[in-house]
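One-letter residues, chain by chain:
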Amino acid sequence: MDKEKNNRIQQLESKFEQLKKEPWAKKVRIGSGVVWNLFILLLIFGVIGAVFATSVGAGYFASLVAKEPLRSKEELRNAVFTYEETSEMYFADNVYLGKINSDIERRQITLDKVSQYALDAVLATEDEYFNEHTGIVPKAIFRGVFQDVTNSASQTGGSTLTQQLVKNQILTNEVSYERKAKEILLAMRLEHFMTKDEILEAYLNIIPYGRDVLGQNIAGIETAARGIFGIKASELNLPQAAYIAGIPQAPFSYTPFYSKNQGMKEPEKLQPGINRMKTVLFRMRDTGYITEAEYQEALAYDIVKDFRQPARRATDRYPYVTQEIQNRTVEILAKVLAEKDGIEASRFEEDSKIQEKYEIIADRSMRTDGYRIYSTIDKDLYDKMNEVAKNFQHYGFTYTTEKTDEDSGKSYIVENPVQVGASMIENHTGRILSFIGGRDHEIEALNHSTQAFRQNGSSIKPLLVYAPAIEYGVIGAGSPVVDVKFNWHGWKPANYYDREMGIISARESLARSQNLSTARLYNQIIDRQPIDFLRKMNFSQIIEEDGHNPSASLGGLKYGVTVEENTNAFATFANGGQFIESYMIERIEDMKGNIVYEHKAEPVEVFSPETAYIVTDMMRDVLKGFGTGARVPGFMNFRPDLAAKTGTSQHYADAWLVGYNPNVSLGVWLGYKNQKTTLYNGSPSQMHPSERTARLFGQLMNTANSVRPDIVKASDTFKRPSGVVTRSFCSISGMAPSAACSAAGLVRADLFNSKVMVPSKADDSIISSAGVRVKGQMYQALPSTPREFVTSGGVGLNSEFIKRMLGRLGGDGSKLFSGQSGYSSSVVSGSVFPADNVPPASVSASQNGSVLTWSASPSNDVIGYYIYQNGVRVGIVRDGESLSYPAGAGSYYVRAVDITGLLSGASNTVTAAPEPEPEPEPTPDPDSTTPETKPEENGGSPAPETDGNVNGGSNNNENKDDPKKPEPEKQEPPKTD
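Residues numbered from 1 in each chain as written. Predicted model: local features only at pLDDT ≥ 70, side-chain atom pairs only at ≥ 80, totals over all residues. Heavy atoms only, no water.

K.L.:
For this particular structure, what's the right way to read the sheet that holds strand β6 (residues 372-375)?
P.N.:
Working definition: the strands of a sheet are paired by backbone hydrogen bonds and lie parallel or antiparallel to each other. Read across the sheet, five strands follow the order β2-β1-β6-β14-β15 without closing on themselves; strand pairing throughout is mixed. At either end of the open sheet lies a strand with only one pairing partner, and these are β2 (96-99) and β15 (595-598). Strand-to-strand twist of the sheet, defined as the mean angle between neighbouring strand axes without regard to direction, takes the value 15°. As judged from the four bridges shared by β6 and strand β14 (residues 585-589), these two strands associate in the antiparallel manner. Along β14, the bridge assignment pairs R372 with E589. (Pairing = 2+ DSSP bridges. Helix = DSSP H or I, 4+ residues; strand = E, 2+ residues; numbered from the N terminus. Axes fitted to C-alpha atoms, helices over the stretch in contact; angles between N-to-C directions.)

Here it is in structure tokens:
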């Protein structure tokens, strides 16, 4: 067999040798050699070119990424997992309020809380080979480069999920080869440092998904599920998942909602998003994620019915609350972030530039770092109180102004209604339970509870005057204060009714809100800087000038206070003198649940418990009898242990009512935006501002008690500290009762702070005195004063007492016991009336039936009148008595008498006709035992007529003051300050 094979080979070789000798064979041999050599040459050049191209490409690639730093594993992971998340706000008790206003809404989610349909839809659409590749798909990159180089109309893209994650979290959306090269490099590196699940989770949290139902930009699949369908990402069905997965290719074309809360798009504009959903479903079927049956069922699904209906965002539903929470959160975070950077608190407070810097950082952090912000606002209470404010019918007149739009030239009406601010605070914690920011946020966005600084009128009196005076030991609750006019370096205040009450108790002065007595009391303590008490209670706009300004005692602070500040200060009394700062942010948590900030109360000792209780007891009287808030209980449907104070600023620009029980404090304010616009012009058709605040205060308290009786605790009462004692004192001097004071019936009892002041020194003010009444006021009688006009045995006061009571401000001592004073009928002033030593002006007489009447003398020193019959003096009428006298037959005239005893000229003579003769009486029975009736005696012979000083006359008690005829009751406007 081998021999045969060898023979065949030899035959073939012989034949081949013969062919080689042929001419054509020689040509073929030469040509093939050339081709082979060319092939070898081309192959060599090809290899060299490929190596060169690869080297050039690698060099170019290296140049593109040359400036990209080599990031560590930690740096890459931190960059990927640090993505913006929208912060959320909560009412009290973890009741959800809404999201913080931000450029983009995002809610973080973990992979296990995403529907499997959604995961499959994303992979089928965005990265089919996600689980196989190592960050990039080379053929997709080459395809993309080729399409870009050839400027192909079909741009299929080539980015994996990892590349998209890098682009969104580490790089930018810049279109350039440099950015693409960095993206490829970082994607491959990222795959070494993160698992596939981590990459997918991060991607699902950062990818943009257009807009939500409120028109806000959204990112992250959880935000998209909630914002578009109103469900969680874990609840997405197949069509919903496909719809959301298709959005990122063109977010604002495929999203179903317009921006700025303008609602859902029209059907024709929804179609692109629906078509995109169908494309995603097709790819899911094509890649095997769903079956044909599932595909067909999903295609027939009506996705439009699942879109959320338009809704109002939190900032629309609760504009005042959301804005206030955001403002306070920025303030808190600024301090927290500064502290993290090592900035000392004192430096932060003193350096405005540092504050500004960290407030900018804090604002950005608040909007993007996914905080959970828990407030103190009780949602139900807030809703109901603002409902009361919305429906309140007694605000007053709304002014309107016509303005012209500069751009369009069209006219429009601007409303200027009476604004309202209110704040309710829990006393022992400082929690702001609720507030009223204004009538309408669209008309006026300023929060009138927390941001508007206004003059607080007489509501400042217990805070700046009465409580400090008690704390200093200057007065007790019933101590006398002087309500008499004065001039304090050109400042001449007046009371509401422009009446001087003379000496009254501090309790009555506060209840009536008397300005004169309050200002005088403030003058006694101003050198001790009582303004410091306001500083301790966080009145934020107090300046040095306020401490020296006497009008501050009546509410004339330079920049005023907010409703929150005023209410918070009154809560100090309810807390036994401890100031507990009001607050609205309970705590702040980061997106992982770590507590970033939590409020901690830091009580400040302002007043002693004794002072706090005494002032509270005094302000109980504001709501009683003659108190300026006496109408309030009538507007309430329950009876708590309540203390309160009213206040109106100059020209009724502001009206206040602040009150508290042991558990809550409520402050109410009314006023126009323009502080020169008055709430009250005196018209009878207008409701007085004090009644308006009383009505609103009562309704709000009723609401609070109805909604949160567990917080109001209406049955609780203020507890009296052991240091508060009841002591007797002489009511006109405030000193311990003397025998003379007791005999005069001037002893009173009231509350004192035993730790600083109780009456101990016996009263030395009272002397026996003879007085005379002039124009309704008692004065010391002069030696020349006719005795018949003098009241003996009265209570007189020495001149030293008068000086002591008037103090350094001075004043008219005769007004200490004026007609408005409760002592006017029994106490004689130590002042001597400044007589003019000129005879008084005469009067005009007339007859009304059997009664002689005359006009009052216009002279100011008249003490009474003499009546003459047929030239003989027959009677006297003292000051304050009726200007009339019973007239019989004869001629009558009248002369006025002044305090010095001088007489006026005689009035005109009035002649009275004789009375008819009476019928003769029957002759008495001789057996009768009835004594003979004698004519009524006149009580003594009349004194002779004189034209000079009259010092004679009996000084006995036969000439008594006739009872005054009661005057008709006058209708006065509601009491106020």
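After that view of the structure, there is still more to cover.
K.L.:
How should the pairing of β6 be read in this particular structure?
P.N.:
Across a regular strand the side chains alternate sides, sitting on one face of the sheet and then on the other. Alternating positions in β6 separate into two faces, R372 and Y374 on one and I373 and S375 on the other, with burial throughout. Pairing of strand β1 (residues 88-90) with β6, which is carried by three bridges, proceeds in the parallel orientation. Across the sheet, the residue bridging to Y90 is Y374, located in β6. (Buried < 20%, exposed > 50% of the residue type's maximum accessible area, 1.4 Å probe, protein only.)

K.L.:
What is the right way to read the layout of surface pockets from this model?
P.N.:
Summary: where empty space remains is shown by rolling a probe the size of a single water molecule over the atoms. Size it by volume and the second largest pocket reaches roughly 1600 Å³. In terms of lining, the second largest pocket is formed by 43 residues, of which the most central are E331, K335, N538, E581 and S582. Within the residue set of the lining of the second largest pocket, elements represented by two or more residues are α15 (319-340), α16 (345-350), α17 (352-368), α24 (563-574) and β15. A per-element tally of the lining of the second largest pocket places α15 first, with ten residues. Among the residues making up the lining of the second largest pocket, the classes are represented as 17 nonpolar, eleven polar and 15 charged. (1 Å grid on protein atoms, 1.4 Å probe; cavity = no way out; pocket = protein on both sides within 12 Å on 5 of 7 lines; lining within 4 Å. Points joined across faces, edges and corners; volume = space filled by probe spheres on them. Nonpolar A, V, L, I, M, F, W, Y, C, P; charged D, E, K, R; others polar.)

K.L.:
What am I meant to see in unusual backbone geometry here?
P.N.:
What you tend to see is this: most non-glycine residues have negative phi, and most peptide bonds are trans. In the Ramachandran plot, D498 falls in the positive-phi region, its phi being about 55° despite a non-glycine side chain. Topologically, D498 is positioned in the loop between β11 (480-483) and β12 (502-505). Phi is positive for K713, close to 50°, though the residue is something other than glycine. Note on placement: K713 falls in the loop between α27 (709-712) and β20 (724-730). You can call K713 partly exposed: its relative accessible area is 38%.

K.L.:
What exactly am I supposed to notice about the state of the cysteines here?
P.N.:
Every disulfide links exactly two cysteines, by a covalent bond between their sulfur atoms. Across all of its chains, the model carries one disulfide by this definition. One disulfide bridge connects C730 with C741, the sulfur atoms lying 2.3 Å from each other. One disulfide, between C730 and C741, carries an S-S torsion of 105° and so falls in the right-handed class. In this pair, C730 sits in strand β20 while C741 sits in helix α28 (residues 739-743), placing the two residues eleven residues apart along the sequence. Comparing C730 with C741 shows no difference in burial state: the two are buried. (Disulfide = S-S within 2.5 Å.)

K.L.:
I would appreciate a short explanation of the side chain of K265 in the present structure.
P.N.:
By the element assignment, K265 lies in the loop between α11 (251-254) and α12 (267-286). No salt bridge is formed by the buried K265; its nearest oppositely charged neighbour, E266, is found at 8.2 Å. If sequence neighbours within four positions are ignored, K265 has contacts with F252, S253, T255, P256, F257, Y258 and L270. (Lys, Arg positive; Asp, Glu negative; His and termini not counted. Salt bridge = Lys/Arg side-chain N within 4 Å of Asp/Glu carboxyl O. Contact = heavy atoms within 4.5 Å.)

K.L.:
Explanation requested: the sheet that holds strand β10 (residues 432-436) in the structure shown.
P.N.:
An order of β10-β9-β19-β18-β17 is seen for the five strands of this open sheet, with the pairing classed as antiparallel. Here the strands that pair on one side only, and so sit at the sheet edges, are β10 and β17 (643-648). This sheet shows a mean twist of 10° between the axes of neighbouring strands, independent of strand direction. In terms of strand pairing, strand β18 (residues 654-660) meets strand β19 (residues 664-671) through seven bridges, oriented antiparallel.

K.L.:
Explain the packing of helix α19 (residues 461-471) against helix α21 (residues 515-525) here, please?
P.N.:
For any two helices packed against each other, the geometry is given by the interaxial angle and the distance between the axes. Axis separation between α19 and α21 bottoms out at 10 Å; the angle between their running directions is 55°. Accordingly, the angle class assigned to the pair α19 and α21 is oblique. Of the two possible hands of crossing, α19 and α21 adopt the one that is left-handed. On α21, the residues that touch K461, L464, V465, Y466, P468 and A469 of α19 are N515, S517, T518, L521, Y522 and I525. Taken together, the residues of the contact of α19 with α21 sort by class into eight nonpolar, three polar and one charged. (Parallel < 35°, antiparallel > 145°, perpendicular 65-115°, else oblique. Left-handed = near helix turned anticlockwise from the far one by under 90°.)

K.L.:
Quick question: what am I supposed to make of the pairing of strand β31 (residues 890-898) here?
P.N.:
A large share of β31 lies buried, amounting to eight of its nine residues. Where β31 meets strand β32 (residues 910-912), three bridges bridge the pair, whose relative direction is antiparallel. Across the sheet, residue S891 finds its bridge partner in β32, namely T911.

K.L.:
Looking at this structure, I do not really get the pattern of salt bridges. What am I missing?
P.N.:
Where charged atoms of side chains with opposite charge meet at close range, the side chains can pair. Under the definition given, this model contains 37 salt bridges. Among the salt bridges present, the one from R587 reaches E589, with a minimum N-O distance of 2.9 Å. Comparing R587 with E589 shows no difference in burial state: the two are buried. Between D621 and K624 there is a salt bridge whose closest N-O contact spans 3.8 Å. Judged by relative accessible area, K624 falls into the partly exposed class, the value being 47%. Residues participating in the shared-partner salt-bridge network are R507, D617, R620, D621, K624, D641 and D750.

K.L.:
Would you mind going over the environment of I136 with me for this structure?
P.N.:
Structurally, the position occupied by I136 is in the loop between α4 (116-126) and α5 (138-149). Counting along the chain gives 25 residues from I136 to L161, while the straight-line C-alpha distance between them is 9.0 Å.

K.L.:
For this particular structure, what's the right way to read the environment of T398?
P.N.:
Relative to the helices and strands, T398 resides in the loop between α18 (379-391) and β7 (399-404). Between the C-alpha atom of T398 and that of N416, which follows or precedes it by 18 residues, the distance is 5.7 Å. Ignoring any residue separated from it by four or fewer positions in sequence, one finds T398 in contact with E415, N416 and P417.

Spatial relationships are all this shows, so hold off on functional conclusions.
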